[in-house]
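Okay, here's what each chain looks like letter by letter:
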Amino acid sequence: MYHTIIIGAGYAGLVLAERLASQQNQKVLVIEQRQHIGGNAYDRYDEHGVLIHEYGPHIFHTRSKEVWDYLSQFTEWHHYEHRVLAKVDGQEVPIPFNLNTIERVFPPALAERLQKKLVDVFGYNVKVPILKLREQDDKDLKFLAEYVYEKVFLHYTLKQWGIGPEELDPTVTGRVPVYVSRDDRYFQDPYQGLPKYGYTEMFKNILNHPNIHLMFNTRYQDIMTISKDGHTLFGQPFEGQIIYTGMIDELFDFAYGELPYRSLRFEYDIFDVEYKQSVGQLNSPNGYDFTRITEFKHLTGQKHPKTSLAREYPQHYVKGENIPYYPITAEENQVKYKKYKQLADTLPNVHLVGRLAEYKYYDMDAVVATALKLYKKLASK
Ligand code: FAD
Ligand code: UDP
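Residues numbered from 1 in each chain as written. Chains lettered and ligands numbered in written order. Predicted model: local features only at pLDDT ≥ 70, side-chain atom pairs only at ≥ 80, totals over all residues. Heavy atoms only, no water.

Under an unreviewed UniProt entry, the name given to the protein is UDP-galactopyranose mutase, and the source organism is Ureibacillus xyleni. What UniProt records for the protein under Sequence similarities (unreviewed entry) is the sentence "Belongs to the UDP-galactopyranose/dTDP-fucopyranose mutase family." You can read under Cofactor (unreviewed entry) in the UniProt record for the protein the words "FAD". (UniProt positions renumbered as here; feature names shortened; annotations may be inferred.)

In structure tokens form, the structure reads like this:
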């Protein structure tokens, strides 16, 4: 008999399975509709032996020592700091747009004036979201803001989201601010890297406990029911707790309509050279239908005579056809999410956690942090 059923074998589900099994000796059943663990962070070796990320590039980074220490029980790390270049006016320049980028795209006198203005107004080592920079009245800063907006953000965002930067929650473009610094790294978090032997190997270690049972290729709807009047597993009443990491709207059969998502299509290419790009990620804000190209070996540190790259083509999410990768955190969608959340709160012993269940643009570390927080809450009951 299981104490807990967990729906979804991504970060959220796996962390909770591990905690409940190892710390509380609970028997846990994890139900996963795909045929592998790890959710969207799953990686695998392609047919040439190059380690790739099946659902797009994943770089682990966090400010949380707790999260880092937790995962470090299950993996060693390949210490990697992500660097991104974007094609702007025919050149490949550092992103986030920073003091170095300014020197690459403007003539020296203008570059110096813009750099000085940024430092005077915002201070050194400060991150300024593009939408905030656009609010400045100063003529030079206005010029800079419009340049960066047009060349880096507008068309990339239109491709990625199908809507412009102003229509999105400002925190989305705020993830990649203009950085008043000479630091070219994409993230400044103190802990950064990739699991040394890959994400999937780390997930296997997380799950390595005799109390955890896994069912692949199974949608929870096929073997259980969840409702405010009680739950069933294989037709029998189920009195234990349920941790749900799938889409919140699906849990209620889309009673209030679908919550929208963006999806992606990946095109992979293998090349018979050691490296194709100078960095792990090359963004194409302008032109092309794809947003970025990732060369996985830069991220993973793998040595291999061939190299594998993936181009990302954003697209609408269509139920049953592709994967819901990104919740669209616009105001009206939050309203709909809150209605579903109210329904979720009426379900006895059901806890929702993760990017799909909370409809939040979570990075991996944030999912681990919320899963650990939920575990502590459950353990203290
Ligand atoms: P998921 O990984 O989505 O796991 C949910 C699981 O539930 C899935 O395996 C799904 O198949 C299963 N499931 C859903 N419904 C059902 C059902 N009805 N029945 C059974 N099983 C079900 N984060 C970073 O920190 N750094 C990055 O560089 C980064 N890059 C990313 C790039 C892309 C393209 C994307 C899409 C995300 C990226 N992320 C990154 C975010 C990261 O993928 C997520 O934060 C994390 O994987 C979310 O974990 P989760 O467990 O909440 O959800
Ligand atoms: N963005 C952009 N141009 C870039 C990089 C990012 O316009 O060159 C915007 C875009 O809206 C994107 C958001 O910033 O969706 C967040 O970028 P991030 O790299 O964090 O996205 P993710 O890795 O989650 O896809």
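That was the structure; now back to the text.
**Q** Residues and numbers for the pattern of salt bridges, please.
**A** Applying the stated criterion across every chain yields a total of 24 salt bridges. A single salt-bridge network, built from bridges that share partners, covers Arg113, Lys117, Asp138 and Asp140. (Salt bridge = Lys/Arg side-chain N within 4 Å of Asp/Glu carboxyl O.)

**Q** I'd like a description of the site of ligand 1, backed by residues and values.
**A** If you check the shell around ligand 1, you find 33 residues, and the closest are Glu32, His58, Ile59, Tyr362 and Met364. One nitrogen or oxygen atom from the main chain of Met364 is found 2.8 Å from an oxygen atom belonging to ligand 1. Protein coverage of the free-state accessible area of ligand 1, which is 1000 Å², stands at 97%. At the level of secondary structure, the elements contributing two or more residues to the shell around ligand 1 comprise helix 1 (11–24), helix 9 (220–223) and helix 13 (364–379). Grouping the amino acids of the shell around ligand 1 by side-chain chemistry returns 16 nonpolar, eleven polar and six charged. (Near = heavy atom within 4 Å. Polar contact = N/O pair within 3.5 Å; in protein donor to acceptor, adjacent residues only side chain to side chain. Areas by Shrake-Rupley, 256 points an atom, 1.4 Å probe, with all protein chains shown as cover. Helix = DSSP H or I, 4+ residues; strand = E, 2+ residues; numbered from the N terminus. Nonpolar A, V, L, I, M, F, W, Y, C, P; charged D, E, K, R; others polar.)

**Q** Go over the domain arrangement of the protein with me, naming the residues and quoting the values.
**A** The domain architecture assigned to the protein consists of domain 1 (4–40 + 198–256 + 326–379) and domain 2 (96–180). Inter-centroid distance (C-alpha atoms) of domain 1 to domain 2 is 38 Å. Residue-level contacts link seven residues of domain 1 with eight residues of domain 2. Of the roughly 630 Å² buried between domain 1 and domain 2, counting both surfaces, carbon and sulfur atoms make up 57%. Across the domain 1-domain 2 interface, the total number found is one salt bridge. Summed over the shared surface of domain 1 and domain 2, the number is two residue pairs in polar contact (both at pLDDT 80 or more). (Domains from an automatic or database assignment. Contact = heavy atoms within 4.5 Å. Buried area = accessible area lost by both parts, 1.4 Å probe.)

**Q** A description of the packing of helix 4 (residues 108–122) against helix 6 (residues 139–161) should follow, citing residues and the corresponding values.
**A** Where helix 4 meets helix 6, the axes come as close as 10 Å, and the angle between the chain directions of the two elements is 105°. With respect to helix 6, the element helix 4 is oriented roughly perpendicular. Where helix 4 abuts helix 6, its residues Leu110, Arg113, Leu114, Lys117, Leu118, Val121 and Phe122 lie against Asp140, Leu141, Phe143 and Leu144. Grouping the amino acids of the contact of helix 4 with helix 6 by side-chain chemistry returns eight nonpolar, no polar and three charged. (Axes fitted to C-alpha atoms, helices over the stretch in contact; angles between N-to-C directions. Parallel < 35°, antiparallel > 145°, perpendicular 65-115°, else oblique.)

**Q** Talk me through the sheet that holds strand 11 (residues 191–195); I want residue IDs and the actual numbers.
**A** Taken in spatial order, the three strands line up as 5-11-6 in an open sheet, and their pairing is antiparallel. A strand with exactly one partner marks an edge of an open sheet, and here the two such strands are strand 5 (60–62) and strand 6 (77–78). Both strand 6 and strand 11 contribute to a ladder of two bridges, which runs antiparallel. By the bridge assignment, Trp77 is partnered in strand 11 with Pro195. (Pairing = 2+ DSSP bridges.)

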